[in-house]
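What follows is the residue order along each chain.
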Amino acid sequence: MHVLDVGMACLEDVVRHSFLLPLLLAVLWLALSGRYSTEPIVLTMGVLSVALVWWLSTRMDRTAGEPGLPREAAGMLRRAPAYLVWLAWQVARANLSLARVVVDPRRRLEPRLLRVRARQRSALGQVIHANSLTLTPGTITLDLRGGELLVHALTARSGAGVLAGHIDRAVTRLEGGG
């Protein structure tokens, strides 16, 4: 790669973070707040919100070592709609199962901690796996280290679901694996 190309790529990143991101954040803030006022407190809170998110974003890019999405995210984006539909179905099923446990006094909560291996190749895939478990009612991921998840399951059934690895396999497929 030519030095000029590298310089232009760096300049594009600076421009994107320096101008485009704050502009998009300001537009989003205006759209979501619904307050189109010149009151000092409203404007101050808007400016502070945009500045904080912008600062966090640029700090995270520096910490990660490269701006933008990780390389493996492009393939995941193509497969994401099917995964999200599948995950929504899993969340709905877990909601119903957990509601039965809460409503029926004969059913018992049987909390347990489980350690399970995440088979995903990338850190992004492992984080998606952990967050998918947390989104599913009855389970929450407490820790992710070295490709291993520490999961709290509220019932024996939700624990069995974690151990069966349905979400693990689905996220591995999302990542492009078998």
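Residues numbered from 1 in each chain as written. Predicted model: local features only at pLDDT ≥ 70, side-chain atom pairs only at ≥ 80, totals over all residues. Heavy atoms only, no water.

### Notes on the nonpolar core
Soluble globular proteins: nonpolar side chains tend toward being buried together. Our working definition: Only buried residues count toward a nonpolar core. Its members are Ala, Val, Leu, Ile, Met, Phe, Trp, Tyr and Cys residues joined through side-chain atoms within 4.5 Å. Three exposure classes are used, based on accessible area relative to the maximum for each residue type with a 1.4 Å probe and protein chains only: buried under 20%, partly exposed in between, and exposed over 50%. Think of it this way: any DSSP run of H or I at least four residues long counts as a helix, any run of E at least two long counts as a strand, and we number them from the N terminus. Residues count as neighbours in contact if any of their non-hydrogen atoms are within 4.5 Å of one another.
Of all hydrophobic cores here, the largest spans 17 residues; its most connected members are Tyr83, Leu133, Leu149, Val151 and Val162. Elements with a minimum of two residues in this core: α3 (73–103), β1 (112–117), α4 (123–135), β3 (148–153) and α6 (166–175). Each residue touching valine 151, except ones within four places of it in the same chain, is listed here: Arg112, Leu113, Leu114, Val116, Leu133, Thr139, Ile140, Thr141 and Val162.

### What about the environment of alanine 26?
Mapped onto the fold, alanine 26 is located in helix α1 (residues 3–33). Sequence separation of alanine 26 and serine 49 is 23 residues, and the distance between their C-alpha atoms is 8.7 Å.

### Considerations on the confidence of the model for the protein
Note the following rule: Confidence of the prediction at every residue is given by pLDDT, a number between 0 and 100.
Of the residues in the protein, 81% reach a pLDDT of 70 or more, and the chain-wide mean stands at 82. A low-confidence stretch, residues 1–8 stays under pLDDT 50, and its non-local contacts, those more than four residues away or across chains, total one contact.

### Quick word on the side chain of glutamine 126
We apply this condition: Two N or O atoms count as a polar contact when they lie within 3.5 Å, although within protein this holds only if one can serve as hydrogen donor and the other as acceptor, and sequence-adjacent residues are included solely when both atoms are side-chain atoms.
Structurally, glutamine 126 can be placed in helix α4. Residue classification places glutamine 126 among the buried positions, given a relative accessible area of 15%. Side-chain polar atoms of glutamine 126 contact the backbone oxygen of glutamine 120, separated by 3.3 Å. Not counting residues within four places of it along the chain, the set of residues in contact with glutamine 126 comprises Ala118, Gln120, Leu144 and Gly147.

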